[in-house]
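Chain residues, written in single-letter form:
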Amino acid sequence: MSETTTAAGVIHDLGYRRYEGPRLGRAQIVRALTWHSFRSCFGIGRGVKAKIVPILAIVAMCLPAFVNAFAVARGNARLFGYDVYVPSLRVAVVIIFLAAQAPELVSRDLRNHVLPLYFSRPLRRDDYPLAKYLALTAALLLLIEVPLLILYVGTIASVKGGSAVWGQTRALIPGLGVGLMWAVLMAAIGLVLASLTGRRAYSTGIVAISCVLTFFLSLLLIQAEGGQTATDTGARVAGLFSPFTILDGVRVWLGGNPTTGLVANPGHFGPLYGLAAVILLAASLGGLAARYRKVSRS
Amino acid sequence: MPPTEAPEPSGPAQAVIETAVVETAVIETAVIETSGLTKRYPPNVTALDGLTVRVAPGVTGLVGANGAGKSTLIKILLGLIPPTSGQAQVLGHDCQSSGEKIRTLLGYMPEHDCLPPDVTATEFVTHLGRMSGLPSTVAKERAAESLRHVGLHEERYRLIGTYSTGMKQRVKLAQALVGDPRLLLLDEPTNGLDPAGRTAMLELIARIGAEFGISIVVASHLLGEIERICDHLVAIEAGRLLRADTITSFTQVSQVLAVEVEEGMVQLQQELQARGLVATAQRDHRVLLVPLGGDDTYDVVRDAVADLALPLCRLEQRRHQVEELFRDDESSEHV
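Just so it is clear, the structure is predicted and the values come from calculations on it, not from any experiment. Counting starts from 1 at the beginning of each chain's written sequence and moves along it residue by residue. Both sets of labels track the order of writing: A upward for chains, 1 upward for ligands. Two thresholds apply to this predicted model, a pLDDT of at least 70 for residue-level local features and 80 or more for giving and counting side-chain atom pairs, whereas whole-chain, interface and lining totals are computed over all residues.

(A) Fine view of the overall build of chain A. Secondary structure elements are taken from DSSP: a helix is a run of H or I of four residues or more, a strand is a run of E of two residues or more, and numbering for both begins at the N terminus. Regarding its fold elements, chain A presents 11 helices and 0 strands. Secondary structure elements of chain A, listed N to C terminal, follow the sequence α-α-α-α-α-α-α-α-α-α-α. Counting other C-beta atoms within 10 Å of a residue's own tells you its class, since 20 or more makes it buried, 12 or fewer makes it exposed, and anything in between is partly exposed; those C-beta atoms are placed from the backbone. Counting all 298 residues of chain A, 43% fall into the buried class. In this description, any two residues whose backbone-derived C-beta atoms lie within 7 Å of each other are considered to be in contact. Residue pairs at least 24 apart in sequence account for 74% of intrachain contacts in chain A once pairs closer than 6 positions are excluded.

Laid out in structure tokens, this is it:
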């Protein structure tokens, strides 16, 4: 640098400098974009306004865990199961978080026409939605699992004996699995809905309304068919109309407690819930990829 | 000791020679080369129709009316869409098979708005530097440098939403520059700028081409503008190559003299005709356009006006817009 400056005899202008150093490969660029997007899920690197919803969501989600962990320390029992946590709260917070942050990830770039700048760089056309999906999945995972870990740590701090700790751990692991399932499916659904339009308000509306309406539809159907304890076919399949009840049905199918969650015991319709979850995930990811193929060509 | 140290000084010298060889090789290669490049969109829209063109290093203008196929060509060069048939190479790499490699060597400035209003220019360009494959700290350094090169200093810490159109265009240029490209594709870089802004942007582009050693392709529909900074021009129309030539041969056909007199327009037109100049009246019949052959054209016009004793109020050299150039070319069969 200094050599060039003296050679050119320029004092103030350093002149143009070439970059000959190492460049990141495609995988590392995707990782950088994922990290950048993950941070923006929580409003990090953005203004104060962008942080309000994520912080409120985390606080709301963790509050029952703190309260219960504190109660356990005072000698009370653990109220919330690791697998369902507080079912209605979890659904509500996930909907709010998705409706606010999925548009943050995808609608902003669509709205401001930033995508040509990404697609004129080494990334391939599927890399951009992939990075966004990984970021939102990780963010949801954090939102869903952190309260479980708080609850777990609070509980094992109070229980006596190795077998009790082992019991808690054995209960936690399926809970973390359910959280992962939620994050993987809901991130895909949230992103594909949010990417339909660049208008942020519409995008938020589409995510919120689709999640809320389908959820209430399923809840109503379950109630109409006799509630969570009903065992007739109508009640067993009523949960297939919203992603949250599908996820809960899969949980019960895989051996979860049928009385604590959202749906009636699916019984032998369990595999149907599994299939519905897989189809929903595949359709959402396929839709997301197709959406960005179209954008990259236009 | 001295004998062992003896080979040391030859090290840097060797390196210098090697660098020189590499640079010569780069200069000899065409930056863009297409042959029979065709792109059809179903059902029957032909955006590019057998385009064969070779773009040499330096600053090249890509001119064509709206819809001539400029944007399609740029997308094929970026490897974003495959051609229906034909070949395209950028910096020696095939666009279809090595799109990713090409995109690390290319900087692209889109025609339209592409900036988010709610981040600072520094953050935005740094992020895009990372997306170009720069490590984190390098991206920060180069973002600051690129923004400085395009003339944004302290303003770069402000939100892009607060910028003027001219500053936004500069940010768009900076993001194209941040990854240290070997070739810049600039799509209508003076779009939406006022005359002073246009001049500043053109000077900046000319400086990047001349001092930074980066080849540049500037797509524009305003020939008069980009001919000021280009070494070569490529004109396309309806997806086909119209002309590819050096700037001088282009300006010969494109330069005109605009003559405006307060009265006696028809008289002057006839007088100029008699003196062997084909003067055409502009649509509103207020200005006569005379093809500019050389310095003597000025003399002929001056004498004609003086002899007729007409009140001359304007005599200026003008450039055709590219559409007019095309008309001239077709009539004189330059294609």
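(B) Region of interest: the interface of chain A and chain B. Every contact between the two is made by 28 residues of chain A and, on the other side, 30 residues of chain B. Mapped onto the side of chain A that touches chain B, the elements with two or more residues apiece are α2 (26-41), α5 (115-119) and α11 (270-297) of chain A. The element best represented in the side of chain A that touches chain B is α2 of chain A, accounting for 5 residues. Amino acids outside the nonpolar list (Ala, Val, Leu, Ile, Met, Phe, Trp, Tyr, Cys, Pro) and the charged list (Asp, Glu, Lys, Arg) are all regarded as polar, and Gly is one of them. Taken together, the residues of the side of chain A that touches chain B sort by class into 14 nonpolar, 6 polar and 8 charged.

(C) Quick look at the domain arrangement of chain B. Looking at chain B, the domain boundaries give domain 1 (27-238) and domain 2 (255-331). Each of domain 1 of chain B and domain 2 of chain B was reduced to a C-alpha centroid, and the two centroids are 37 Å apart. An automatic or database domain assignment is the source of the domain bounds shown.

(D) Spotlight on the nonpolar core. In this structure, Leu136, Leu140 and Leu191 of chain A together with Leu77 and Val218 of chain B are the most contacted members of the largest nonpolar core, which totals 147 residues. Ignoring any residue separated from it by four or fewer positions in sequence, one finds Val218 of chain B in contact with Val59, Gly61, Leu62, Leu186, Pro189, Ile205, Ile226 and Cys230 of chain B. Core analysis: the second largest hydrophobic core is formed by 13 residues, Leu257, Leu268, Val290 and Val301 of chain B among them. Working definition: the nonpolar core is a set of buried Ala, Val, Leu, Ile, Met, Phe, Trp, Tyr and Cys residues, joined through C-beta atoms within 7 Å.

(E) Here's a closer look at helix α11 (residues 265-274) of chain B. Residues and elements named next belong to chain B. The complete set of buried residues in α11 reads Leu268, Gln269, Glu271 and Leu272. The arc enclosing the buried residues of α11, seen along the axis, measures out at 165°, which places them on a common side. When the buried face of α11 is taken as reference, the exposed residues oriented beyond 90 degrees from it are Val266, Gln273 and Ala274. For α11, the elements touching its buried residues are β11 (255-261), β12 (280-281), β13 (288-291) and α12 (295-308). Immediately beyond the C-terminal end of α11, within one or two residues, lies Gly276, with a positive phi of roughly 90°. Note that the arc is defined by the directions from the helix axis to the C-beta atoms.

(F) Just the sheet that holds strand β4 (residues 85-90) of chain B, in detail. Residues and elements named next belong to chain B. As summarised here, the arrangement of the 4 strands in space is β2-β1-β4-β5, forming an open sheet in which the pairing is antiparallel. If you trace the sheet from one side to the other, it starts and ends with β2 (45-55) and β5 (93-94), each paired once. Pairing between strands is defined by DSSP: at least two bridges between them are needed. Bridge count for β4 against β5 is 2 bridges, and the pairing is antiparallel. Among the inter-strand pairings, Gln89 is bridged to a residue of β5, identified as Asp94.

(G) Region of the structure containing the pairing of β4 of chain B. Residue and element names in this part refer to chain B. Of the pairings in the sheet, the one linking strand β1 (residues 32-41) to β4 comprises 5 bridges and is antiparallel in character. Bridge pairing in β4 places Glu33 opposite Gln89. The turn joining β4 and β5, which pair antiparallel and follow one another in sequence, is formed by 2 residues; a positive phi near 50° is taken by Leu91.

(H) Focus on the packing of helix α10 (residues 243-253) of chain A against α11 of chain A. Residue and element names in this part refer to chain A. Every axis corresponds to a line fitted to the C-alpha atoms, with the helix fit spanning only the stretch in contact, and the corresponding angles, defined between N-to-C directions, vary from 0 to 180 degrees. Where α10 meets α11, the closest approach of the two axes is 8 Å, and the angle between their N-to-C directions is 135°. In terms of orientation, α10 lies oblique with respect to α11. In terms of crossing hand, the pair formed by α10 and α11 is left-handed. In this structure, α10 contributes Pro243, Ile246, Leu247, Gly249, Val250 and Trp253 to the contact, and α11 contributes Gly270, Pro271, Tyr273, Gly274, Ala276, Ala277 and Leu280. Here the contact of α10 with α11 is composed, by residue class, of 10 nonpolar, 3 polar and no charged. In these notes the angle categories are as follows: under 35 degrees is roughly parallel, over 145 is roughly antiparallel, 65 to 115 is roughly perpendicular, and the rest is oblique. In this scheme, a crossing is called left-handed if the near helix is turned counterclockwise away from the far one by less than a right angle; it is called right-handed if the turn is clockwise.

(I) Examining the packing of helix α7 (residues 162-194) of chain A against α11 of chain A more closely. Residues and elements named next belong to chain A. It is at 9 Å that the axes of α7 and α11 come closest, and there the two elements cross at 40°. The angle between α7 and α11 falls in the class oblique. For the crossing formed where α7 meets α11, the hand is left-handed. Seen from α7, the contacting residues are Val184, Leu185, Ala188, Ile189, Leu191 and Val192; seen from α11, they are Ala277, Leu280, Leu281, Ser284, Leu285, Gly287, Leu288 and Arg291. Residues belonging to the contact of α7 with α11 are distributed by class as follows: 11 nonpolar, 2 polar and 1 charged.

(J) Here's a closer look at the environment of Met265 of chain B. Residues and elements named next belong to chain B. Looking at the secondary structure, you find Met265 in helix α11. Using a count of 18 C-beta atoms within 10 Å as the deciding quantity, one classes Met265 as partly exposed. For Met265, the contacting residues outside a window of four places in its chain are Ala281, His285 and Leu288.

(K) View of the sheet that holds strand β7 (residues 183-187) of chain B. All names here are of chain B. If you walk across this open sheet you meet the 6 strands as β6-β7-β8-β3-β9-β10, and the pairing is mixed. The open sheet has two edge strands with one neighbour each: β6 (106-109) and β10 (240-246). When strand polarity is set aside, the average angle formed by the axes of neighbouring strands in this sheet is 15°. Alignment of β6 against β7, held across 4 bridges, turns out to be parallel. Considered in β7, the bridge of Met109 is made with Leu186. Set on the sheet, helix α3 (residues 70-77) makes contact with β3 (59-63), β7, β8 (215-220) and β9 (232-237); between it and β7 the angle comes to about 150°.

(L) Unusual backbone geometry, seen in detail. All names here are of chain B. For the peptide bond that leads from Pro42 to Pro43, omega is 5°, which places it in the cis range. Structurally, Pro43 is set in the loop between β1 and β2. For Glu188, which is not glycine, the phi dihedral falls at a positive 50°.

(M) Region of interest: the environment of Thr280 of chain B. Structurally, Thr280 of chain B can be placed in strand β12. As a C-alpha pair, Thr280 of chain B and Val290 of chain B span 10 residues in sequence and 6.7 Å in three-dimensional space.

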